[in-house]
Structure formats: structure tokens, C-alpha cells
Amino acid sequence: MAAPSAATRRKLQRKFKLRGFTLKVDALEEAAAFLARFPDAEDDALDLLLDELDKEPLQSSILDRDAVRRVVALLVEADEAVDAASPAATSARSALRVVDSFVVPRFHYDPIKKVFYEHTSRLAIHGEAGDKAALYRDRYQVLLQRLARDIYFSKPAFDTVMTEDDNCEITSIQSLIGCTGRRWIMGVISQLEERQFYLEDLTGAVPIDLSNAKITSGFFVENTVIVAEGELLSNGIFQVNTCGFPPLEDREASLSMLMGLDFFGGGVIPTEETVRLSTLEKKAMNDMFVILSDVWLDNYETMEKLGVVLDGYDSLEAVPSLFVLMGNFCSRPCNLAFNSFEELRLQFGKLGEMIAARSRLKEHSRFLFIPGPDDAGPSKALPRCALPKYLTEELQKHIPNAIFVSNPCRVKFYTQEIVFFRQDLLYRMRRSCLIPPTTEETSDPFEHLVATITHQSHLCPLPLTVQPIIWSYDHCLRLYPTPHTIVLGDKSDQKAFKYTGITCFNPGSFANDSTFAAYRPCTKEVELSALES
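Residues numbered from 1 in each chain as written. Predicted model: local features only at pLDDT ≥ 70, side-chain atom pairs only at ≥ 80, totals over all residues. Heavy atoms only, no water.

(A) Region of interest: helix α10 (residues 300-314). The terminal C-alpha atoms of α10 lie 21 Å apart, and with 15 residues this matches the ideal 21 Å at 1.5 Å per residue to within 8%. Buried within α10 are the following residues: T302, M303, K305, L306, G307, V309, L310, Y313 and D314. (Helix = DSSP H or I, 4+ residues; strand = E, 2+ residues; numbered from the N terminus. Expected span 1.5 Å × (residues − 1). Buried < 20%, exposed > 50% of the residue type's maximum accessible area, 1.4 Å probe, protein only.)

In C-alpha cells:
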């Protein structure tokens, strides 16, 4: 294979970058070889290659030879591929990009230079003690750098005259010694001694008394980062008067500080491409995502209900762009006592047959599968990897383009960022709560949950003893910068709640109460649905 010319290399790298892709050397050579087949229609051929790559369920925006070769092979098979190419046409399929948690980039914050830098070395699944410390440090640093830009907590400039009531500057815990009067501190709630809670930051720890504290909305559990106002008593305990979570930052403000870094994992999209995608997104009025949680394949009633739902959407003039099926996929936990894996494999095959029987859905819709907390997998720790191939092979024979991803996972639809997370989080947060939630603003538990995860910029701020997390992959659960939409699959009642511009909803438990949800990305509208019993 002749090496591509410098001009061809530059052209390929520029075009791929505009679509949010990065080419490895071998992938670049593969793409150049494809273009060489069409010397008179290079631009059309390149646009077609990029459109087809967009349709692929890629796990990373960094392309290797295999990813490009797979698409090239499909295009070469079709003689009329170039003639049929329409560079301007972008379908909902090509607008959708699914990001597995295990390929989300990891960033560390440098408090000296005040910049984020990417972690480039390999991440270990079985971490060392330092990785556990880094988990808490990174969570804290992300929130502290965000807080430092807040108008109420930023340090006064020059000789600005401020009263004590105005001055909310954060004091480090180490600096509290010898201080009198009201102070603001920020730290992680920790139980360093039995029944005695402490607030820890990067400089030290101080025992706290929350008994008379006035709190804001949310669940205050061990491991959450709080901002507390109070004073240090003579006995060394910090008496908390008011406390709350670190204030949220507008998504655009966060993005402007990150200088083009890809925290979401869907690839950095240049400005001109973002404008083009935004225009297409506004026109995508017919696009709809259907989300179902707790799809029990071993339960006859659940499968019957699923058939009704599929029939309903198959008969629509415009079928949904995406079906998201979240676990658990079995009515019993797939633990060490579970001995029906062969049966479950066949049930996935039957689901594939059921979908394939609806030809319009098979042809025009995508199907995304996310494992639940009790599904088969190597451990209960988050993030959970995709369902084992052994279970899904039979389904993929019928639905070759079905996508199996981690829990949580991320979806980029045009410019919109959506996070899917299947975990029975509400029950655990309520059980782990240290202080009863305030009812001043709301008494709805789901609204308290949404406030907690958005302010913490983390999907699961529970103690690691309650919900283990793979230390080196804690960044996969971060919600920074805030996404446009968060889908929390939970066995509790279905709910939808818009919080500070972020759309959050729980589709409910399909197996238990026949509930599911439809989401229209164009308008960010959520339709909570249920089958009549």
C-alpha cells in the first residue's frame, strides 16, 4: 500500500476532526486507501465514509484500523455507494453516538496552575491504596475549583469593603485553629470514629455537630461534600449553623473553563460542526427515545407487555430512533446461586426474534442494552461492564446492530449529552441519610435525589461500603460539566423533574408497574407512560 501524500493526510485529519474523530496512523492509511479508489470523487467518498462511521456503535472517538476497515468493507461491497452518497443528509442514526464508561477520559485538576490535565497512563481495575485516596481528592478538587468561581465564595478583590455577612470566603480546616467567629468551610462528611462525624478537606479534619444545622434540599449522606457555616467551639467541635451542597455552575460557564477538553467522552466537536449539528437537532422533530427499566425476559407477563409496547411504536408513522432497555433482565438476581444462564441466553434470543418480527423497528430503530444492579457481571462495583457476550449472542443474530454498553453509559445525540444510569439509588440514599431532608422547598424524595447528584456532580455519592466503585474509574460517574439530560432507572415510582435546566427522569419499573418513558431530544420533553392493566 502506497503511503498517502502529505496533502491527503492533512485533508483526512481535518475532515475527521470536524466530525469529532481522531485517527491513529493505521486508520489514516486505511481511509487514504479507500479514497484512492475514487480519484474523481474523493470528497463525496470521504463524506460517505464519515457518515457511515457516525452510524457505527463506536466505543471511542479515537479510531483504529479495524473500525475504519469494517466500514470500508461495507461500502466497497455496494457498487453504487458513491453515487448514492448525499453529503448533506444526516439521519438520526448517524447523529447518535454511544459512549461506554470504560472509554471516558479521566482528568485531574492542578490547583497550582488551575487547569485540568488528562490522565494518559493505563487505568487499573484493581487499584492500589493511593487510587482510593485519589478518588476522594479528585471529587473534592472538581467541586472546589467550581466553588472558587462562585460570586459568593470567591475571594474579595483588592481592598473591597465587605461586611461579615457578605464574606463567604472558604477557610481551610487547618486554618480554623485559633479562629473565632463565623467561618465557612467545605469538606467531605466522614465517620472517622464511631458515631462521630468529621468534615475533611485536603488540609485536615474537624469533628462537626449537625444537630441544630439548617440544611438545604438534598440527601446529606456520608461521602457527600458540603459547604458549612458555623464556628469552632472551645471543645474543638465545629458547630454547624447552616450547611448545603456546593452551588451549581452553569454548563456553558464550565465548558468555557475547560478549553475544549472532552469530559463527556463523545469527542470534541469544533465550533462550526456544533453549529451545523444544532441546526439539524432543531429540525429533528420526529426523533424519540423510548426507555424501559426492569425488562424481565424470564417473566411471561413482562414479555407480553413488551410486545404490546413494540406493536404500538411499530405502527407509528415515525418510529422511535432509539429504544433503551435497562436491566434487570431477570426476575432473580444473577448471583452465585443462579444456575439458569443457558435459559437466559435463549430468552435474549427470543427478545431478538420479537424485535425482528417488527420489520420497521428492526430497520429504522436502534436498540441499546444497559445492565441492571442484579444482572450477570464480574462484580457489583460501579461502573458495570456490558452484558456478557455469551448471553447476548443469540439476540445479535437477529439484531446485528444492537448495542450493549456499560452502566452508567452516555449518549451524544447531535449536540445533546444524555447520561443513563440504572441503579436503585433512591432507596439507598434515603437509608443512608444522616439528617432528615428538609421539606421547606420540596418533600418529594426524587427531587431531593436530583438535587444531590447534580450539586455533587456525581451519579452515586454513597459511601463505598454501601455501593462499591472501581477506584480508578470513579470519573465515569461524574456529572461535570452538567449534561443536558439524566435518566435514572430506579424501581421507585416514575418521575420527571427539571432542575436548573437539567432534565431528569425515572421511567419506572416496567416489570412491576408497566411504566416506561418516551423522551423527545428536540424539545427535551418527557412523556411518562404506562400500559393499562
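(B) Quick look at the packing of aromatic side chains. Summed over the entire model, instances satisfying the criterion amount to 22 aromatic pairs. With a centroid separation of 5.7 Å and 35° between ring planes, the pair formed by F497 and Y499 is classed as tilted. One aromatic cluster is present, formed by F107, Y109, F116, F263 and Y480 through successive ring pairs. The ring of Y390 carries R345 above its face, with NZ or CZ at 4.8 Å from the centroid. The cationic tip of R410 hangs over the ring face of F264; the distance from NZ or CZ to the ring centre is 5.4 Å. (Phe/Tyr/Trp six-rings, centres within 6.5 Å; stacked < 30°, edge-to-face > 60°. Lys NZ or Arg CZ within 6 Å of the ring centre and 35° of its normal.)

(C) A look at the UniProt feature "domain: DNA polymerase alpha/delta/epsilon subunit B" (unreviewed entry) in the protein chain. UniProt records the feature "domain: DNA polymerase alpha/delta/epsilon subunit B" (unreviewed entry) at residues 289-494, using the numbering of this structure. Across residues 289-494, the secondary structure splits into 33% helix and 17% strand, with the terminal C-alpha atoms separated by 16 Å. (UniProt positions renumbered as here; feature names shortened; annotations may be inferred.)

(D) Examining the domain arrangement of the protein chain more closely. Taken domain by domain, the protein chain consists of domain 1 (6-83) and domain 2 (251-423 + 459-530). At the interface, 8 residues of domain 1 touch 10 residues of domain 2. Taken together, the links from domain 1 to domain 2 amount to 0 salt bridges. For the pair domain 1 and domain 2, the number of links is 0 residue pairs in polar contact (both at pLDDT 80 or more). In the side of domain 1 that touches domain 2, the residues fall into 2 nonpolar, 2 polar and 4 charged. (Domains from an automatic or database assignment. Contact = heavy atoms within 4.5 Å. Salt bridge = Lys/Arg side-chain N within 4 Å of Asp/Glu carboxyl O. Polar contact = N/O pair within 3.5 Å; in protein donor to acceptor, adjacent residues only side chain to side chain. Nonpolar A, V, L, I, M, F, W, Y, C, P; charged D, E, K, R; others polar.)

(E) A look at empty space enclosed by the protein. Tallied over the full model, the rule gives 6 cavities of 30 Å³ or more. If you add up the space inside the second largest cavity, you get close to 70 Å³. Lining of the second largest cavity is provided by V104, P105, R106, F107, F263, R410, H475, R478 and Y480. For the lining of the second largest cavity, the per-class residue count stands at 5 nonpolar, 1 polar and 3 charged. (1 Å grid on protein atoms, 1.4 Å probe; cavity = no way out; pocket = protein on both sides within 12 Å on 5 of 7 lines; lining within 4 Å. Points joined across faces, edges and corners; volume = space filled by probe spheres on them.)

(F) A look at the UniProt feature "domain: DNA polymerase epsilon subunit B N-terminal" (unreviewed entry) in the protein chain. Per the UniProt annotation, the sites labelled "domain: DNA polymerase epsilon subunit B N-terminal" (unreviewed entry) are residues 8-72. Taken end to end, residues 8-72 is 69% helix and 6% strand, and its two terminal C-alpha atoms sit 17 Å from one another.

(G) Spatial organisation of the sheet that holds strand β19 (residues 495-499). Within the open sheet, the 6 strands sit side by side as β3-β16-β17-β18-β20-β19. Their pairing is mixed. Where the open sheet ends on each side, the last strands, each with one partner, are β3 (96-100) and β19. Direction aside, neighbouring strands of the sheet carry axes that sit 15° apart on average. The sheet contact formed by strand β18 (residues 485-489) and strand β20 (residues 502-506) spans 3 bridges and is parallel. (Pairing = 2+ DSSP bridges. Axes fitted to C-alpha atoms, helices over the stretch in contact; angles between N-to-C directions.)

(H) Representation of the sheet that holds strand β22 (residues 525-530) within the structure. Taken in spatial order, the 6 strands make up an open sheet running β15-β14-β13-β12-β21-β22, and their pairing is mixed. At either margin of the open sheet sits one strand with a lone partner, and together these are β15 (403-404) and β22.

(I) Quick peek at the layout of surface pockets. In this structure, the second largest pocket encloses a volume near 710 Å³. Y109, K114, L144, Q145 and A148 are the residues nearest the centre of the second largest pocket, which is lined by 27 residues in total. Elements with a contribution of two residues or more to the lining of the second largest pocket: β5 (115-118), α7 (129-147) and α8 (251-258). Among the elements that make up the lining of the second largest pocket, the one with the highest residue count is α7 (5 residues). Partitioned by chemical class, the residues of the lining of the second largest pocket number 16 nonpolar, 6 polar and 5 charged.

(J) Local environment of the environment of F341. Note that F341 resides in helix α11 (residues 341-356). Spatially, the C-alpha atom of F341 lies 8.9 Å from that of Y390, the residues being 49 residues apart in sequence.

(K) Examining the confidence of the model for the protein chain more closely. Across the protein chain, the average pLDDT comes to 89, with 93% of residues at or above 70. Segment residues 78-90 is flagged for pLDDT under 50; beyond a separation of four residues in sequence, or across chains, it makes 16 contacts in the model. In the model, residues 158-162 has pLDDT below 50 throughout and makes 2 contacts with residues more than four positions away in sequence or in other chains. (pLDDT = per-residue confidence, 0-100.)

(L) Main features of α8. For α8, the complete set of buried residues consists of R251, S254 and L258. Seen from one end, α8 has its buried residues packed into an arc of 65°, which puts them on one side. More than 90 degrees from the buried face of α8, the exposed residues found are E252 and S256. The inward-facing, buried residues of α8 contact β5 and β17 (416-422). Its side-chain oxygen at 3.2 Å from the backbone nitrogen of E252, D250 defines the N-terminal cap of α8. (Arc of directions from axis to C-beta.)

(M) Local environment of the side chain of S101. Position of S101 relative to the elements: it lies in the loop between β3 and β4 (107-110). Residue classification places S101 among the buried residues on the basis of a relative accessible area of 1%. Reaching out from S101, the side chain makes a polar contact with the backbone oxygen of P408 at a distance of 2.4 Å.

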